[in-house]
Amino acid sequence: MEEHSCRRSAESRRCTGWGTTGAVIALVALCDVAPGAAAQCPVEMAKLLAPEGTPQNSRAADVCVFGDTAVIGSSGAGVGGAAYVFYRNEGGPHRWGLVARLEPAGVVAHEEFGTSVAIAGDTIAVGATGHAGGDGGVYVFERDFGGSDSWGEVKVLVYSNGNPFGSLGQSVAISADTIVAGAPDELSSYVGSVWVFERNLGGPQNWGEAAKLTQSDGNIGIGYLGGNVTIEGNTI
């Protein structure tokens with residue numbers, strides 16, 4: 001079964017861990033699981049390294065694996081954060097080689113780009129909770145956009161009528177033509193919302209805003225809705 005997002009589920013086919021020192025940005029344990037079988041991790045361990053970095057800026061914030069591609073967000077890298085794309089067997093059998101470093105087209109300090117990452121097929125989504133002064137945003141990249149096997153930025157997703165400082169992009173998930181993003185501070189501190197974007201809503205590759213999801217009991221309490229999201233088929 002395809003893995004559409006990178007949150008744990010019965011269908012998930014990989015486990016992940018995070019590096020915290022040196023130039024290590026992530027330790028990824030990958031496991032292939034037959035349908036109905038229990039996951040046994042780790043089966044295969046890869047130490048993925050950033051080409052630059054210090055202990056402070058090279059730590060992975062989020063990791064997502066889809067097939068033979070791994071994406072690792074590092075919100076403290078560089079000026080405003082970065083995401084790194086690795087391919088399996090790049091540089092040799094069973095090696096995970098770095099093929100791209102993703103950054104916003106207009107790099108802004110404290111963007112927190114790389115807070116969350118998701119990949120499905122030829123689409124990568126990267127959360128940036130510091131975008132627009134803390135409202136947050138999600139950057140969408142497509143494979144072969146701008147050149148063969150190039151991961152080009154196609155759009156920045158933001159909410160249209162939300163409250164400021166919502167931290168959109170704290171979490172993100174993709175399934176086919178749908179991106180789901182969490183904004184855990186959008187209604188008030190620690191009371192959030194989840195936003196749904198559709199690829200062709202409003203035009204081809206437009207990634208239009210389709211829905212805003214909130215909890216049924218309103219803004220009472222500290223629900224932190226949007227702190228984590230996942231999508232599987234038609235269910236969020």
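Residues numbered from 1 in each chain as written. Predicted model: local features only at pLDDT ≥ 70, side-chain atom pairs only at ≥ 80, totals over all residues. Heavy atoms only, no water.

Details of the packing of aromatic side chains
Rules: Pairing of aromatic rings covers Phe, Tyr and Trp, the last counted by its six-membered ring, and requires centre-to-centre distances within 6.5 Å; plane angles under 30 degrees mean stacked, over 60 mean edge-to-face, and any other angle means tilted. The way it works is that DSSP assigns letters per residue, a run of H or I at least four long becomes a helix, a run of E at least two long becomes a strand, and they are numbered from the N terminus. Only protein chains enter the calculation, and the probe is 1.4 Å; a residue is then buried if its accessible area is under 20% of its type maximum, exposed if over 50%, and partly exposed in between.
Throughout the structure, instances matching the rule amount to three aromatic pairs. With centroids separated by 5.2 Å and ring planes inclined at 80 degrees, the aromatic side chains of Phe 113 and Tyr 139 adopt a geometry described as edge-to-face. On the criterion of sequence distance, the pair formed by Phe 113 in strand β8 (residues 113-120) and Tyr 139 in strand β10 (residues 137-143) is long-range, its members being 26 residues apart. As far as the burial class goes, Phe 113 and Tyr 139 line up, both buried. Measuring from centroid to centroid gives 6.1 Å for Phe 113 and Phe 141, while their planes differ by 75 degrees, and the two rings are edge-to-face. In this pair, Phe 113 is assigned in strand β8 and Phe 141 in strand β10, connecting sequence segments 28 residues apart. Side by side, Phe 113 and Phe 141 carry an identical accessibility label, which is buried. An aromatic cluster of three or more residues is present, and its members are Phe 113, Tyr 139 and Phe 141.

A word on the sheet that holds strand β14 (residues 191-198)
How we decide: Pairing between strands requires that DSSP locate at least two bridges from one strand to the other. Lines fitted to C-alpha atoms define the axes here, with helix axes fitted over just the stretch in contact, and angles between the N-to-C directions of these axes take values from 0 to 180 degrees.
Here four strands make up an open sheet; going across it, the order is β12-β13-β14-β15 and the pairing antiparallel. The two strands at the open ends of the sheet, each matched to only one other strand, are β12 (171-175) and β15 (208-213). Between one strand and the next, the sheet's axes are offset by a mean angle of 25 degrees, whatever the strand orientation. In the sheet, β14 pairs with β15 via five bridges, with the strands oriented antiparallel. What sits directly across from Val 196, in β15, is Ala 211.

By themselves, these are just geometric observations and shouldn't be taken as functional.
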